[in-house]
Amino acid sequence: MQEKTLRRLLWPLAALALGACSDGSDTPAPPVEVLPAYDFSAVDARFQQFLDDSTVFDGISVTLVDQQQGTVHEAAFGDHTLDTVVMLASTSKVPVVMLLMALNDDPDLNFSVEAPIADYLPWEGVYGDRTVAQLVSNTSGIPGLGSLGVYGAHLCQYAPAGTLEACARTIYSTELEGTVPAGSTFDYGGSQWQLAGAVAEQVSNSTWRQVFDAYIAEPCDLEVFQFGNMWSNLAAWTGSPDSLQGLDNPNIEGGAISSLQDYAKLLLMHLNGGRCGDNRVMSEDSVAFMQVDRGGAFGVPYGMGWWIVAPEAAGETPTVFYDPGAFGAVSWIDIERKIGGYVAIDDYTRRDSGAPVNLVLSEIIPLVAQAVDEARAAVE
């Protein structure tokens, strides 16, 4: 076939192809966004070195998230796998506040975290003038974990028996030695968190388990995350969610279990302004409200569930927030870079539980930030 004839036959096909790719205008197609490819090999190497050097820990695992890309890294070391489920201890606190803020945002509920809890608890009590915001910022004036020796009847919060409502009624009606006016001190943890859980039950007319499922677990598609109460029998935890005790009287401040994947979804909700995927769980204002420093006035930078990393320069706005647990688990978000992470630990002896948290704060967070900055600079 002659070349001229071939061109005549092929030209209509080429025109059809060009027409299918054009909207009839001369406007060029927008450029394809190139997403950064993160290299977290230095992070992994540091975790492996930590495990190699430790005489306590047999395993550690990590997940890293990015607002735009979602989960960008998962890694497990030692006897951990990517499916390992651990008890969180106080790394439960941020998810607790997430639920309370979701209730605060619900227009169908007449509830405010800044109103006295006497408005919501239908019992006679001694702590009715405290607010939920004070309870979960540890500024309620109710003695915290440092006063366990005088807790007496308040110790019901660490036993799996009974119900959250019954335990909270006991706490609400029994004033602890050392109680001071609300807003006058920072005293971490303890009974104030159990009272906050009871408020959630009363406001929602549900059990803690039911209301957490409805407002957090279901819209965020959590598969494992739930609250129980293992503090009186830690040895009974097998690593399987089926072994979790105390479902009716969960320890609010420290009773949750999680997988890497579930905690990643919770962190992404903070980075995405309160959304889990297409589901609005919290308002953007509530996400920011959790980060407001309420403990700093007492020398302890703390929001609601979040500990706050103080900026290096005075007057700068904090950008890194974290939630550590007594066993060594820790989560964090970096709101400047829109990234976050969660590290899981399953040694419950507490022989060296501060070591993983110190590692994350002093080395892992900076290594992650460096890797993110370098990858993003490469595509600019």
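How each quantity is defined
- Residues numbered from 1 in each chain as written.
- Predicted model: local features only at pLDDT ≥ 70, side-chain atom pairs only at ≥ 80, totals over all residues.
- Heavy atoms only, no water.
- Axes fitted to C-alpha atoms, helices over the stretch in contact; angles between N-to-C directions.
- Helix = DSSP H or I, 4+ residues; strand = E, 2+ residues; numbered from the N terminus.
- Left-handed = near helix turned anticlockwise from the far one by under 90°.
- Contact = heavy atoms within 4.5 Å.
- Nonpolar A, V, L, I, M, F, W, Y, C, P; charged D, E, K, R; others polar.
- 1 Å grid on protein atoms, 1.4 Å probe; cavity = no way out; pocket = protein on both sides within 12 Å on 5 of 7 lines; lining within 4 Å.
- Points joined across faces, edges and corners; volume = space filled by probe spheres on them.
- Pairing = 2+ DSSP bridges.
- Disulfide = S-S within 2.5 Å.
- Salt bridge = Lys/Arg side-chain N within 4 Å of Asp/Glu carboxyl O.
- Buried < 20%, exposed > 50% of the residue type's maximum accessible area, 1.4 Å probe, protein only.
- Expected span 1.5 Å × (residues − 1).
- Bend = angle between axes of the 7 residues up to and from the residue.
- Phe/Tyr/Trp six-rings, centres within 6.5 Å; stacked < 30°, edge-to-face > 60°.
- Lys NZ or Arg CZ within 6 Å of the ring centre and 35° of its normal.
- Parallel < 35°, antiparallel > 145°, perpendicular 65-115°, else oblique.

## Overview of the packing of helix 3 (residues 93-105) against helix 6 (residues 191-204)
Relative to each other, helix 3 and helix 6 sit at 35 degrees, their axes nearing to 11 Å. Handedness of the helix 3/helix 6 crossing: left-handed. Together, Lys 93, Val 96, Val 97, Leu 100 and Leu 103 of helix 3 and Trp 193, Ala 196, Ala 200 and Ser 204 of helix 6 make up the contact between the two elements. Its residues assigned to classes, the contact of helix 3 with helix 6 shows seven nonpolar, one polar and one charged.

## So, empty space enclosed by the protein
Using the criterion set out here, one finds two cavities of 30 Å³ or more in the structure. Counted as a void, the largest cavity has a volume near 70 Å³. Tallied by class, the residues present in the lining of the largest cavity amount to nine nonpolar, four polar and no charged. What the second largest cavity holds in volume is close to 40 Å³.

## Points about the sheet that holds strand 3 (residues 86-87)
A sheet is described by the order of its strands in space; here three strands give the open sequence 3-5-4, paired in antiparallel fashion. The strands lining the two open edges of the sheet, one partner per strand, are strand 3 and strand 4 (226-227). Of the pairings in the sheet, the one linking strand 3 to strand 5 (residues 256-258) comprises two bridges and is antiparallel in character. Each residue of the ladder has a partner; that of Met 87, found in strand 5, is Ile 257.

## A word on the environment of Leu 176
You can see Leu 176 is positioned in the loop between helix 5 (164-173) and helix 6. Separated by 25 residues in the primary sequence, Leu 176 and Tyr 151 place their C-alpha atoms 6.7 Å from one another. Sequence-distant contacts of Leu 176, defined by excluding residues within four places in its chain, comprise Tyr 127, Ile 142, Pro 143, Val 150, Tyr 151, His 154 and Ser 191.

## Some details on the state of the cysteines
Taken as a whole and judged by the stated rule, the model has two disulfides. Paired through a disulfide, Cys 156 and Cys 167 show a sulfur-sulfur distance of 2.0 Å. Its torsion about the S-S bond being 85 degrees, the disulfide of Cys 156 and Cys 167 is classed as right-handed. Residue Cys 156 is found in the loop between helix 4 (132-135) and helix 5, and its partner Cys 167 is found in helix 5; the two are separated by 11 residues along the sequence.

## Observations concerning the pattern of salt bridges
Counting across every chain of the model gives nine salt bridges. For Glu 363, the salt bridge goes to Arg 46, with nearest N and O atoms at 2.6 Å. Here the residue Glu 363 occupies a position in helix 10 (residues 354-379), and Arg 46 occupies one in helix 2 (residues 41-53), the gap between them amounting to 317 residues. Take Glu 363: its relative accessible area is 31%, and that puts it in the partly exposed class. We note a salt bridge from Glu 336 to Arg 337, for which the minimum N-O separation is 4.0 Å. The exposure class assigned to Glu 336 is exposed, which follows from its relative accessible area of 56%.

## Notes on helix 10
For helix 10, spanning 26 residues, the distance from its first C-alpha to its last is 37 Å, which sits close to the expected 38 Å at 1.5 Å a residue. Maximum bend of helix 10: about 45 degrees, positioned at Val 360. Along helix 10, the residues that are buried comprise Ala 355, Pro 356, Val 357, Leu 359, Val 360, Ile 364, Ile 365, Val 368, Ala 369, Ala 371, Val 372 and Ala 375. Looking at the buried positions of helix 10, the neighbouring elements they touch are helix 2, strand 1 (59-66), strand 9 (320-324), strand 10 (330-334) and strand 11 (339-344).

## Structural notes on the packing of aromatic side chains
Under the definition given, this model contains 19 aromatic pairs. Taking the centre distance of 4.9 Å and the plane angle of 85 degrees together, the rings of Tyr 302 and Trp 307 count as edge-to-face. Here the two residues Tyr 302 and Trp 307 agree in accessibility, since each one is buried. Of the aromatic side chains, those joined through ring pairs into one cluster are Trp 208, Phe 212, Phe 225, Phe 227, Tyr 263 and Tyr 342. Positioned over the ring face of Trp 193 is Lys 93, at 5.2 Å from the centre of the ring. The positively charged end of Arg 294 is found above the aromatic ring belonging to Phe 289, 4.2 Å away from the centroid.

## Side note on the layout of surface pockets
Put simply, the largest pocket is a space of about 370 Å³. Element by element, the count of residues in the lining of the largest pocket is highest for helix 10, at four residues. Of the residues contributing to the lining of the largest pocket, the split by class is nine nonpolar, two polar and five charged. The space that makes up the second largest pocket amounts to roughly 180 Å³. Its residues assigned to classes, the lining of the second largest pocket comprises six nonpolar, three polar and three charged.

## Here's the deal with the packing of helix 3 against helix 8 (residues 260-271)
At their nearest, the axes of helix 3 and helix 8 sit 11 Å apart, and the two run at 55 degrees to each other. The angle between helix 3 and helix 8 falls in the class oblique. Taken as a pair, helix 3 and helix 8 cross one another with a handedness that is left-handed. Contact residues: Val 94, Pro 95 and Met 98 in helix 3; Tyr 263, Leu 266, Met 269 and His 270 in helix 8. By residue class, the composition of the contact of helix 3 with helix 8 is six nonpolar, one polar and no charged.

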